[in-house]
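Fold and contact review
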Amino acid sequence: MSDSVKTAKIYLGRHCKTEWNLEGRLIGTTDLPLCDVGWKEAKDTLPIVERYGFDRIVSSPLKRAFDTSRYYADNLKIPLDVHPDLRELDHGDWNGQKYDALLSDPNGDFKRWFIDGDTSIPIPGGPETLEQVQARIKKTVREIALKYPGEKVLVITHKHIRSLLTCYLLGESLSNFRKNINEAVEPIELSDEDLAKLL
């Protein structure tokens, strides 16, 4: 990273759980709030988040991410901003369906898309390709890093979004999308080298 470019220190977090997470359903852009288990998860994770000393949180606009972010921000008494392009990948016709059912459908493309990594398969009814979503999250994290120079920023987004960014930062094909999915809600630090790849 050039010494002349001052950026924020970025950490990527994930929202806490919804009912559909517990049921094993694809949520995508379906706008669900946290469930009781998710609120407990947020409460349990707060001490971990607090130790980082964040200056700000930037959240996806979807309720599950905003609920998580608002809980942290209110308790830590730090600003909360929302960026629309942190929203989750839209799974189109797959939204709301259970992973198990999609994977066992002999006539469906989900298994080849998700397990085998055949990203040439379009998401049925989906408005974006994986390539477009990856470009969106790269641009968004870059914007956040440049907008808050010198701050330590927690970005609360979604597991598929975080995976697509990870593929880019590791220099891996989008066929590794599933392999790089991380279900954890705890913050993951982006190194200076990671940020340099985005600038």
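Everything here concerns the structure above.
Quick summary incoming for the structure in this document. (Residues numbered from 1 in each chain as written. Predicted model: local features only at pLDDT ≥ 70, side-chain atom pairs only at ≥ 80, totals over all residues. Heavy atoms only, no water.)

All chains considered together, the criterion is met by 17 salt bridges. The closest approach of N and O atoms between D118 and R112, which form a salt bridge, is 3.1 Å. D118 sits in the partly exposed class, given a relative accessible area of 23%. Here the salt bridges share partners, and the residues they tie into one network are D85, R87, E128 and R136. (Salt bridge = Lys/Arg side-chain N within 4 Å of Asp/Glu carboxyl O. Buried < 20%, exposed > 50% of the residue type's maximum accessible area, 1.4 Å probe, protein only.)

With that settled, the discussion passes to helix 6 (residues 130–147). In a regular helix each residue adds 1.5 Å, so 18 residues correspond to 26 Å; helix 6 covers 26 Å between its end C-alpha atoms and thus fits that length. Taken together, the buried positions of helix 6 are occupied by L130, V133, Q134, R136, I137, T140, V141, I144 and A145. Take helix 6 and look down its axis: the buried residues cluster within an arc of 160 degrees, on one side only. Contacts made by the buried residues of helix 6 are with strand 1 (9–14), strand 2 (56–59), helix 5 (110–114), strand 4 (152–157), helix 7 (159–170) and helix 8 (192–198). (Helix = DSSP H or I, 4+ residues; strand = E, 2+ residues; numbered from the N terminus. Expected span 1.5 Å × (residues − 1). Arc of directions from axis to C-beta. Contact = heavy atoms within 4.5 Å.)

Burial along strand 2 is two-sided: R56 and V58 and I57 and S59, pointing in opposite directions, are all buried. Summarising the sheet, strand 2 and strand 4 pair through 4 bridges and their orientation is parallel. Paired with R56 across the two strands is V153, which belongs to strand 4. As paired elements, strand 2 and strand 3 (residues 80–82) share 3 bridges and run parallel to each other. Directly across from S59, in strand 3, lies its bridge partner V82. Once the chain exits strand 2 it traverses helix 3 (residues 63–76) before rejoining the sheet at strand 3, and the crossover so formed is right-handed. (Pairing = 2+ DSSP bridges. Right-handed = clockwise from strand over helix to strand, strands pointing away.)

What follows concerns the packing of helix 6 against helix 7. Interhelical geometry of helix 6 versus helix 7 gives an angle of 85 degrees and a closest axis separation of 9 Å. Relative to helix 7, the element helix 6 is oriented roughly perpendicular. Packed against helix 6, whose contacting residues are L130, V133, Q134, R136, I137, K138 and V141, the element helix 7 presents I161, L164, L165, C167 and Y168 at the interface. Partitioning the contact of helix 6 with helix 7 into residue classes produces 9 nonpolar, 1 polar and 2 charged. (Axes fitted to C-alpha atoms, helices over the stretch in contact; angles between N-to-C directions. Parallel < 35°, antiparallel > 145°, perpendicular 65-115°, else oblique. Nonpolar A, V, L, I, M, F, W, Y, C, P; charged D, E, K, R; others polar.)

Before going further, it helps to examine unusual backbone geometry. Phi is positive for K77, close to 55 degrees, though the residue is something other than glycine. Note that K77 resides in the loop between helix 3 and strand 3.

It is the contact of helix 2 (residues 36–50) with helix 3, at a shortest axis distance of 10 Å, that shows an interaxial angle of 50 degrees. When the axes of helix 2 and helix 3 are compared, the pair comes out oblique. With respect to the hand of their crossing, helix 2 and helix 3 are arranged in right-handed fashion. Every residue of helix 3 that contacts helix 2 at W39, A42, K43, T45, L46, V49 and E50 is listed here: D67, R70, Y71, Y72, N75 and L76. Tallied by class, residues from the contact of helix 2 with helix 3 come to 7 nonpolar, 2 polar and 4 charged. (Left-handed = near helix turned anticlockwise from the far one by under 90°.)

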